[in-house]
Amino acid sequence: MNVPFLAFQPQHVPVREEIMAAIGRVYDSYWYVLGDEVKNFEKAYSAFNHVPHTVGVANGLDALVLALRVLEIGPGDEVIVPSNTYIATWLAVTQVGATPVPVEPDPATSNLDPALIEAAITPRTRAIMPVHLYGQACRMTEIMAIARQHDLHVVEDNAQAQGAAFDGQITGSFGAVNGTSFYPGKNLGALGDAGAVTTTSAELDQKVRVLRNYGSQQKYYNEVVGYNSRLDELQAAVLSVKLQHLPDWTRQRQQVATWYGQHLTDIAGLRLPTVANGATHVYHLYVVQTPAREALQQHLTAQGIGTLIHYPVPPHRQQAYQAMGLGPGSFPIAEALAATCLSLPMWPGMTEAHVAAVAAAIRSF
């Protein structure tokens, strides 16, 4: 059985008529930027994410940049980031002129380790940016306590974890202002680039709205140096439809993860995901670890099973950050994850037969 790493058809085919109707509604409205579709989606996503304010923006990176901007974080400031993350987390810090300060993950969960944060705090530290990696909530209770103790902002990168929670509180609602992505492959995915900022603050909400629209509240009158980073009406309409189905798609992902746990148990040399006490996992990715990663990936490819590596090079080893002088061994846990992690197929609509086929191929290896 061929099992692709990601398949959109099982999600998109059942909702095709709803999506086409939404697209048609936008087409016939003759209003394509910052209209009712964006307003309605922002309201619906706020309700879903248990926050009073959502601002639709162009993509997830912009969401993080705007979040940092409205907190007035910039040159001379430091932001604590995970050493193990997609590079967008670091890029957002760099783009506002601040310095990313990496902290290693908890090896059990691959998420930012709260026990290591305080050692990285300096007089220049302004914020902590936890990333709910692979779909699992970080240990936010501890992170928020550290932030309060040191008077630091928290900006959550919630791009992979829409609907996850820690101690019953949904991710993207802890920090004063947070960013998420609706890139097509995300759990809640648009049909192109899209993102959002979530916040509990009416003041920060208004500041993001001004920044995303050329620094303007009234057309042709610009208050600050802003951006062109607006969620468009078409993507908002699509996201509004998909948001209604997200809880069911999340349950399907969690069921697939349960099947993986059953079918992959007791395989020597294969480490399965661990979920921290108090955390929920919405399984944007199902990531296993093995020192034989490359050979296993080649074997699975030959068996018709798609996999990806998230992520083969940690940010501190990317050419983009070579000026930081962080050589091999600077962050050994992140480097070990980069060398051993492998993402298995994970998408709503997968059946136990798909999972069994993947597991059988892994066992044969």
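Residues numbered from 1 in each chain as written. Predicted model: local features only at pLDDT ≥ 70, side-chain atom pairs only at ≥ 80, totals over all residues. Heavy atoms only, no water.

Looking at an unreviewed UniProt entry, the protein chain carries the name DegT/DnrJ/EryC1/StrS family aminotransferase, with the source organism given as Hymenobacter antarcticus. Heading Sequence similarities (unreviewed entry) of the UniProt record for the protein chain holds this comment: "Belongs to the DegT/DnrJ/EryC1 family." (UniProt positions renumbered as here; feature names shortened; annotations may be inferred.)

The subject of this paragraph is the packing of helix α8 (residues 233-263) against helix α11 (residues 352-364). Where α8 meets α11, the axes come as close as 9 Å, and the angle between the chain directions of the two elements is 35°. Crossing of α8 over α11 shows right-handed handedness. Note on element contacts: α11 touches α8 through E352, V355, A356, V358, A359 and R363, opposite V256, W259, Y260, Q262 and H263. Partitioned by chemical class, the residues of the contact of α8 with α11 number 7 nonpolar, 2 polar and 2 charged. (Axes fitted to C-alpha atoms, helices over the stretch in contact; angles between N-to-C directions. Helix = DSSP H or I, 4+ residues; strand = E, 2+ residues; numbered from the N terminus. Left-handed = near helix turned anticlockwise from the far one by under 90°. Contact = heavy atoms within 4.5 Å. Nonpolar A, V, L, I, M, F, W, Y, C, P; charged D, E, K, R; others polar.)

Attention shifts here to the packing of helix α3 (residues 36-49) against α8. One way to put it is that α3 packs onto α8 with a least axis distance of 8 Å and a crossing angle of 30°. The pairing of α3 with α8 is recorded here as roughly parallel in orientation. Seen from above, α3 lies across α8 with left-handed handedness. Taking contact as the criterion, the partners of D36, E37, V38, F41, A44, Y45 and F48 in α3 are, on α8, E233, A236, A237, L239, S240, L243 and L246. (Parallel < 35°, antiparallel > 145°, perpendicular 65-115°, else oblique.)

Moving on: the packing of aromatic side chains. With the rule as written, the count across this model stands at 8 aromatic pairs. Centroid distance Y260 to Y286: 4.5 Å. Interplanar angle 25°. Geometry classified as stacked. Of this pair, Y260 sits in helix α8 while Y286 sits in strand β12 (residues 286-289), and the two are 26 residues apart along the sequence. Each member of the pair, Y260 as well as Y286, is classed as buried. One aromatic cluster is present, formed by F41, Y45, F48 and F182 through successive ring pairs. (Phe/Tyr/Trp six-rings, centres within 6.5 Å; stacked < 30°, edge-to-face > 60°. Buried < 20%, exposed > 50% of the residue type's maximum accessible area, 1.4 Å probe, protein only.)

For the rest of this paragraph, the subject is the pairing of strand β13 (residues 341-344). Of the two faces of β13, the one lined by C341 and S343 and the one lined by L342 and L344 are each fully buried. Pairing of β12 with β13 involves 4 bridges; the strand directions are antiparallel. Bridged to Q289 within β13 is C341. (Pairing = 2+ DSSP bridges.)

Further remarks concern the sheet that holds strand β5 (residues 153-154). In spatial order, the strands read β3-β2-β4-β5; together these 4 strands make up an open sheet with parallel pairing. On the outer flanks of this sheet lie β3 (99-103) and β5, each paired with one strand and no other. Across 5 bridges, strand β2 (residues 78-82) lies against β3 in parallel orientation. Residue pairing in the sheet places E78 in a bridge with T99 of β3. Across the sheet, helix α5 (residues 88-95) lies against β2 and β3, angled at about 175° from β2, the strand it touches most.

Right, let's get into the pattern of salt bridges. Side chains that differ in sign of charge can pair as their charged atoms come close. For the coordinates displayed, the defined rule picks out 12 salt bridges. Among the ionic pairs, E42 bridges to R209, the shortest N-O distance being 3.1 Å. Within this pair, whereas E42 is found in helix α3, its partner R209 is found in helix α7 (residues 202-212), the two being separated by 167 residues in sequence. Classification of R209 as partly exposed rests on a relative accessible area of 24%. Ionic pairing is found between D113 and R139, a salt bridge with its closest N-O pair at 3.8 Å. Separated by 26 residues along the polypeptide, D113 in the loop between β3 and β4 (125-128) and R139 in the loop between β4 and α6 (140-149) bring together distant segments of the chain. Each member of the salt-bridge network shares a partner with another, and the members are E42, D205, R209 and R212. (Salt bridge = Lys/Arg side-chain N within 4 Å of Asp/Glu carboxyl O.)

Residue placement: S46 occurs in helix α3. Taking relative accessible area as the criterion, S46 reaches 8% and is therefore assigned buried. There is a polar contact of 2.8 Å between the side chain of S46 and the side chain of T54. Those residues in contact with S46 that lie beyond four places of it in its chain are V51, P52, H53 and T54. (Polar contact = N/O pair within 3.5 Å; in protein donor to acceptor, adjacent residues only side chain to side chain.)

Here the focus is the pairing of β2. In terms of burial, β2 is largely enclosed, as 5 of its 5 residues are buried. Side-chain alternation along β2 places E78, I80 and P82 on one buried face and V79 and V81 on a second face that is also buried. Traced from β2 through α5 to β3, the parallel crossover comes out right-handed. The pairing of β2 with β4 spans 3 bridges and is parallel. Opposite E78, over in β4, you have T125 as the bridge partner. (Right-handed = clockwise from strand over helix to strand, strands pointing away.)

Next up on the list: the sheet that holds strand β8 (residues 177-181). Ordered in space as β1-β9-β8, the 3 strands form an open sheet in which the pairing is antiparallel. Whereas interior strands pair on both sides, the edge strands pair on one side only; in this sheet they are β1 (53-57) and β8. Across the sheet, the axes of successive neighbouring strands diverge by a mean angle of 20°, strand direction being ignored. Examined bridge by bridge, β1 and strand β9 (residues 195-199) share 5 bridges and lie antiparallel to one another. Counterpart to V57 in the pairing with β9 is G195. Most of the contacts of α3 go to β1, to which it runs at about 130°, and overall it touches β1, β8 and β9. Across the sheet, helix α4 (residues 60-70) lies against β1, β8 and β9, angled at about 170° from β8, the strand it touches most.

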